[in-house]
Amino acid sequence: MINLDERYHSYLKGEKKLRIDGVNESVKGYGWYCDGNEIKGYYLTTKHYKLYYNMNEQFLKMEPLREEVNV
């Protein structure tokens, strides 16, 4: 199994950034996702996106996150 802490901890500390569409994005969190029966892959969250990867560490999709609106 992939050790997410080993792989992405330096991103959480701000030592490394992901480059998405020419913009450096800090990783805010990561974790596993499943289908209810088995782990299917992992995700990374940044300020603007949630990125999904499979268990072979292949990128699957990217979802934009809504920014908080101050009222």
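As a reminder, the structure under discussion sits directly above these lines.
Parameters and conventions
Residues numbered from 1 in each chain as written. Predicted model: local features only at pLDDT ≥ 70, side-chain atom pairs only at ≥ 80, totals over all residues. Heavy atoms only, no water. Helix = DSSP H or I, 4+ residues; strand = E, 2+ residues; numbered from the N terminus. Buried < 20%, exposed > 50% of the residue type's maximum accessible area, 1.4 Å probe, protein only. Contact = heavy atoms within 4.5 Å. Areas by Shrake-Rupley, 256 points an atom, 1.4 Å probe, with all protein chains shown as cover. Core = buried A, V, L, I, M, F, W, Y, C linked by side-chain atoms within 4.5 Å. Salt bridge = Lys/Arg side-chain N within 4 Å of Asp/Glu carboxyl O.

## Structural notes on the overall build of the chain
Stage number 1. Scanning the chain for helices and strands turns up one helix and six strands.
Stage number 2. Helices and strands appear in the chain in the N-to-C order α-β-β-β-β-β-β.
Stage number 3. Projecting the C-alpha coordinates of the chain onto the three principal axes gives extents of approximately 40 × 30 × 20 Å.
Stage number 4. Looking at the chain as a whole, 31% of its 71 residues qualify as buried.
Stage number 5. A sequence separation of at least 24 residues applies to 23% of the contacts in the chain between residues at least 6 apart.
Stage number 6. Surface exposure of the chain reaches about 5,400 Å², of which carbon and sulfur atoms provide 44%.

## Quick notes on the nonpolar core
A general feature of soluble globular proteins is that nonpolar side chains tend to end up buried together.
Stage number 1. Core analysis: the biggest nonpolar cluster contains 13 residues, and Leu4, Tyr8, Leu18, Tyr30, Tyr42 and Leu44 have the highest contact counts within it.
Stage number 2. Breaking this core down by element, the ones donating at least two residues are α1 (4–12), β1 (18–20), β3 (27–34), β4 (39–46) and β5 (49–54).

## Focus: the pattern of salt bridges
Stage number 1. Summed over all chains, the structure comprises five salt bridges.
Stage number 2. Between glutamate 15 and lysine 13 there is a salt bridge, with the nearest N and O atoms lying 3.1 Å from each other. As far as the burial class goes, glutamate 15 and lysine 13 line up, both exposed.
Stage number 3. Salt bridges sharing partners connect three or more residues here, namely Asp35, Glu38 and Lys40.

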